[in-house]
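# Examination of the molecular architecture
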Amino acid sequence: MTIWTELLTHAEAVKTRRIAELFENGNRAAEFTCESGPFVFDYSKTNIDAAALDLLVRLAEDADLVAKREAMFTGAKINETEGRAVLHTALRNLSHPVCVDGEDVMPKVRKTHARMVGFARDVREGRFTGQGGAITDVVNIGIGGSDLGPAMAVLALGPYHNGPRCHFVSNVDGAHIHDTLRGLNPETTLVIVASKTFTTIETMTNAETARRWMAQTVKDPAAQFAALSTASDKTAAFGIHPARVFGFEDWVGGRYSMWGPIGLSLMLAIGPEQFDAMLRGAAAMDAHFRTAPLAQNLPVLLALVGIWHNQFCGYATRAVLPYDQRLSRLPAYLQQLEMESNGKRVSMDGADLPYHSGPVVWGEPGTNGQHAFYQLIHQGTRVIPCEFMLAAEGHEPDLAHQHLLLAANCLAQSEALMRGRSLAEATEIMRKKGLTGAELERQARHRVFPGSRPSTTLLYPKLTPEVFGGIVALYEHRVFVEGVILGINSFDQWGVELGKELALALAPVLEGTSDGAGKDGSTLALAARVRALRG
């Protein structure tokens, strides 16, 4: 019997066991909690028992996780379909050498980082100005990983902002850039164009719009542009001086890129010192992931819980629920990180997967979600594993009483999901309200909570740059571990390409300059309707 089969058998055997039963003997909370640095990860409110954990760890070992983890950190080309190394970790490693094809990449990483620091200080200290004075606003134009990471980070680290205001434009919908630029002063705005190839159609379309907007007021709009790109010929053609072009290697995937040049907007907002603190937090998580035993390894355990729920319990989605308003964009960030990475249908060798790949990831911050979708989580017919996050304290000492209420809500929700409420308990509640007979039973049934719904909790002291860096690195490595166990390549994204190719072909159809030969009837009819509605 394979380990996979053993896990399926075990999951089937315990599927009706209530999670609360696991707390009846021993010290389950301590045994199923893992700590590292500032983090406490509690996965005791799941149906994972000692036997399941042992099998899951063996599953990771059987997938050769330790060797593949080391291969990633040492520059092996583990992105096999693109023939690339995967070294976003090098962007936060400013100490020891890392080689790709026999060459230490760290001197270039350090040089680029130093250039970012120099430029950020020039902007923040007024040595680099707009054509109307000191830079007051930064507009980052990108999409996907060139937008979600820095946009999420700028919001997360709001208490540390002491630089220019940061704005983010990603959608090619003209409303996004129109509404962002409205009210900004072109003479004191810096525009950052984030595109590795400088050909991403959404990004470059928005960049051209921003340049036209700026040209209406300033003499040399390109002088207030910077580029995060490796395409020096294209950035030069756009008019951006090489001193304001910051490149990164092909071993940095877009959704893993905010640690380097893609994070320039964040560095401008919070300053190089706090940016480097974020890097140190991520590097500390890297060191933990690389050295801790699998059964005491935070990213590994987070991944094993995910694998248990998705592949063995059959729970197709997971909710990420940060009880931290400043992490409100984290669920969207993790949607890309996890669903673009592990949303695959074939294994490394190209064979169809014999099981489901990554789950659907979604969520919102607490307590807002409690008044939106928690109804479905508590009483819906599908089980949705929940991942709670909570800081022990906030950044507002005068509002500590509100943070305690926030924390109480977070802990109460995980408790309620596990405990539930029986029909007998609901009946007694309604009996005390004076109900009897059939109406008593009817009303009681509406108040039953099935319970035994799994959740994890990640606890940390406060959302500092170091802690934030550790959280993001934790989830990056979780995705890697899940990909290794599933036998897929977590670092390509071919599923993004087909729609982009078809969109280029459809533009002439919408313009009326092509008859759309070869297109299906539905697409042609919809295009015709769009042309007609535009008049």
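Now for a description of the structure that goes with this document. As the structure is a computational prediction, the values presented were derived from the model and not from experiment.

Judged by pairing direction, the sheet is parallel, and its five strands sit side by side in the order E8-E7-E9-E10-E11 without closing on themselves. A single partner strand is all that each edge strand has here, and the edge strands are strand E8 (165-169) and strand E11 (245-246). Two strands pair when backbone bridges link them, and strand E7 (residues 137-141) and E8 are joined in this way by five bridges, in the parallel orientation. Note on E8: the bridge partner recorded for valine 138 is cysteine 166.

Okay, the pattern of salt bridges next. With the rule as written, the count across this model stands at 30 salt bridges. Aspartate 122 is the partner of arginine 127 in a salt bridge, and the nearest nitrogen-oxygen pair spans 2.8 Å. Owing to a relative accessible area of 27%, aspartate 122 belongs among the partly exposed residues under this scheme. When the shortest N-O distance is used, the salt bridge between glutamate 387 and arginine 318 registers 3.5 Å. Placement of glutamate 387 in strand E14 (residues 386-391) and of arginine 318 in strand E12 (residues 317-323) is noted, with a sequence separation of 69 residues between them.

Moving on to unusual backbone geometry. When glycine is set aside, most residues are seen to have a negative phi, and most peptide bonds are trans. The residue after glycine 366, namely threonine 367, is reached through a cis peptide bond having omega 10 degrees. Its place among the elements puts threonine 367 in the loop between strand E13 (360-362) and helix H14 (374-379). Non-glycine residue serine 452 carries a positive phi angle of around 55 degrees. Structurally, serine 452 can be placed in the loop between helix H17 (437-446) and strand E15 (455-460).

One pass over the full model with this rule turns up 15 aromatic pairs. With a centroid separation of 4.4 Å and 20 degrees between ring planes, the pair formed by tryptophan 4 and tyrosine 355 is classed as stacked. Here tyrosine 355 lies in the loop between helix H13 (330-342) and E13 and tryptophan 4 lies in helix H1 (residues 3-14), a separation of 351 residues in the sequence. Look at tryptophan 4 and you get buried, because its relative accessible area is 18%.

Among the nonpolar cores identified, the biggest contains 117 residues, and Trp251, Phe468 and Ile471 are the most heavily contacted of them. The element that contributes the greatest number of residues to this core is helix H18 (residues 465-486), accounting for 13 residues. Ignoring any residue separated from it by four or fewer positions in sequence, one finds phenylalanine 468 in contact with Met152, Ala153, Ala156, Leu157, Met258, Met278, Leu327 and Leu463.

Another point: the pairing of strand E1 (residues 33-36). Across the two faces of E1 the burial differs, with Cys34 and Ser36 buried and Thr33 and Glu35 not buried at all. As paired strands, E1 and strand E2 (residues 39-42) are joined by four bridges and run antiparallel to one another. By the bridge assignment, serine 36 is partnered in E2 with phenylalanine 39. Taking the residues between adjacent antiparallel strands as the criterion, E1 and E2 are bridged by two residues, where glycine 37 takes a positive phi near 55 degrees.

The next subject is helix H16 (residues 423-432). If you check which residues of H16 are buried, you get Ala426, Thr427 and Met430. Axial view of H16: buried residues confined to an arc of 100 degrees, hence all on one face. Counted as exposed and oriented over 90 degrees from the buried face of H16: Ala424 and Lys432. Here the buried face of H16 lies against H17. Glycine 434, located one to two residues past H16, shows a positive phi value of around 95 degrees.

H18 packs onto helix H4 (residues 65-73) with a crossing angle of 130 degrees between their chain directions and a minimal axis gap of 10 Å. On the basis of the axis angle, H4 is oblique to H18. In this structure, H4 crosses over H18, and the sense of that crossing is right-handed. Between H4 and H18, the contacting residues are Leu65, Lys68, Arg69, Met72 and Phe73 on the first element and His477, Phe480, Val481 and Val484 on the second. In terms of residue class, the contact of H4 with H18 is made up of six nonpolar, one polar and two charged.

Reading guide: rules and limits
Residues numbered from 1 in each chain as written. Predicted model: local features only at pLDDT ≥ 70, side-chain atom pairs only at ≥ 80, totals over all residues. Heavy atoms only, no water. Pairing = 2+ DSSP bridges. Helix = DSSP H or I, 4+ residues; strand = E, 2+ residues; numbered from the N terminus. Salt bridge = Lys/Arg side-chain N within 4 Å of Asp/Glu carboxyl O. Buried < 20%, exposed > 50% of the residue type's maximum accessible area, 1.4 Å probe, protein only. Phe/Tyr/Trp six-rings, centres within 6.5 Å; stacked < 30°, edge-to-face > 60°. Core = buried A, V, L, I, M, F, W, Y, C linked by side-chain atoms within 4.5 Å. Contact = heavy atoms within 4.5 Å. Arc of directions from axis to C-beta. Axes fitted to C-alpha atoms, helices over the stretch in contact; angles between N-to-C directions. Parallel < 35°, antiparallel > 145°, perpendicular 65-115°, else oblique. Left-handed = near helix turned anticlockwise from the far one by under 90°. Nonpolar A, V, L, I, M, F, W, Y, C, P; charged D, E, K, R; others polar.

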